[in-house]
Amino acid sequence: MMIRLTRLLACGIGASLLVAPSVLAHHSLASQFVESKPLTLQGVITKVEWVNPHVYLHLDVKDKSGVSAQWALETLPPATLRRGGLRSDMLGKGEMVTVLAYHARNGSKLAFLRKITFADGREVVVWVGDI
C-alpha cells in the first residue's frame, strides 16, 4: 500500500513539473500592455506571423513628419481570430489598415491589437474584454 501511494505521489509531482514551465510562461495582457493608453495607428501591413500562441501583425507607420516606424501588434491565437471573423487572407502585405491598440508598458513599438479597420471600411473587433 505504501509503495503504491509513493508511486502515485511521484507521478503527480512529475506531472506538475512538466506543466509548470508552460504555466509560468503564460502572461496576462495587463502585465505587458496599458489599456488606459489606447493608440490609433494607420499603416501598411509589412508582415503577418499567423502562428500560435499569438498572431503578430507588423505595420509600417508614418508619423506626422513622414518618418516611418515599424510597429508589431500582438493579438490572439489563429483559431480565436478566425472564430471572431479575422482570417489570414484578409491581412495581405501592402494592405492599408487602421488599428486601435494598447501600447506596451515598456514604451517599445509593440501594442496589443484591439480593433482593425480595413481601407474599404470593414472592421473586425479582435479584443472586447478588459486586460
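As the structure is a prediction and not an experimental result, all values here were calculated from the model.

Caption draft 1: Representation of the overall build of the chain. Looking only at helices and strands, the chain features three helices and six strands. Starting at the N terminus, the α and β elements of the chain follow one another as α-α-β-β-β-α-β-β-β. A total of 131 residues make up the chain; the buried ones form 31% of that total. Summarising the internal contacts of the chain: among those between residues at least 6 apart in sequence, 56% fall at separations of at least 24.

Caption draft 2: The pattern of salt bridges, seen in detail. Inspection of every chain in the model, using the stated rule, returns three salt bridges. A salt bridge links Glu123 to Lys115; the nearest nitrogen and oxygen atoms lie 3.6 Å apart. The exposure class assigned to Glu123 is partly exposed, which follows from its relative accessible area of 49%. The partner of Asp120 in a salt bridge is Arg122, and the shortest N-O contact between them spans 2.8 Å. Since its relative accessible area comes to 37%, Arg122 is described here as partly exposed.

Caption draft 3: Region of the structure containing unusual backbone geometry. In this structure, Pro53 follows Asn52 across a cis peptide bond, with omega equal to 5°. When you line up the elements, Pro53 lands in the loop between strand 1 (33-49) and strand 2 (56-62).

Caption draft 4: Structural view of empty space enclosed by the protein. Counted under the stated rule, the structure contains one cavity of 30 Å³ or more. Roughly 40 Å³ of volume is contained in the largest cavity. In terms of lining, the largest cavity is formed by Trp50, Val55, Leu57, Thr75, Leu81, Leu86, Leu91, Leu113 and Ile116. Here the lining of the largest cavity is composed, by residue class, of eight nonpolar, one polar and no charged.

Caption draft 5: Up close: the side chain of Glu74. Structurally, Glu74 is set in strand 3 (residues 68-74). At 12 Å, Arg105 is the nearest oppositely charged side chain to Glu74, a buried residue that forms no salt bridge. There is a polar contact of 3.1 Å between the side chain of Glu74 and the side chain of Tyr56.

Caption draft 6: A look at the packing of aromatic side chains. Counting across every chain of the model gives two aromatic pairs. Ring centres of Phe33 and Phe112 lie 5.7 Å apart, and the angle between their planes is 50°; this geometry places the pair in the tilted category. One end of the pair, Phe33, is in strand 1; the other, Phe112, is in strand 5 (residues 110-118), and 79 residues separate them in sequence. Under the relative-accessibility criterion, Phe33 is labelled buried at 0%. Residue classification places Phe112 among the buried residues on the basis of a relative accessible area of 1%. Ring geometry for Phe112 against Trp127: centres 5.6 Å apart, planes inclined by 85°, an arrangement best described as edge-to-face. Pair noted here: Phe112 is in strand 5 and Trp127 is in the segment after strand 6 (123-125), with a separation of 15 residues, a long-range link. Take Phe112 and Trp127: they sit in the same class, and that class is buried. Each member of the aromatic cluster is reached from another via a ring pair, and the members are Phe33, Phe112 and Trp127.

Cut-offs applied
Residues numbered from 1 in each chain as written. Predicted model: local features only at pLDDT ≥ 70, side-chain atom pairs only at ≥ 80, totals over all residues. Heavy atoms only, no water. Helix = DSSP H or I, 4+ residues; strand = E, 2+ residues; numbered from the N terminus. Buried < 20%, exposed > 50% of the residue type's maximum accessible area, 1.4 Å probe, protein only. Contact = heavy atoms within 4.5 Å. Salt bridge = Lys/Arg side-chain N within 4 Å of Asp/Glu carboxyl O. 1 Å grid on protein atoms, 1.4 Å probe; cavity = no way out; pocket = protein on both sides within 12 Å on 5 of 7 lines; lining within 4 Å. Points joined across faces, edges and corners; volume = space filled by probe spheres on them. Nonpolar A, V, L, I, M, F, W, Y, C, P; charged D, E, K, R; others polar. Lys, Arg positive; Asp, Glu negative; His and termini not counted. Polar contact = N/O pair within 3.5 Å; in protein donor to acceptor, adjacent residues only side chain to side chain. Phe/Tyr/Trp six-rings, centres within 6.5 Å; stacked < 30°, edge-to-face > 60°.

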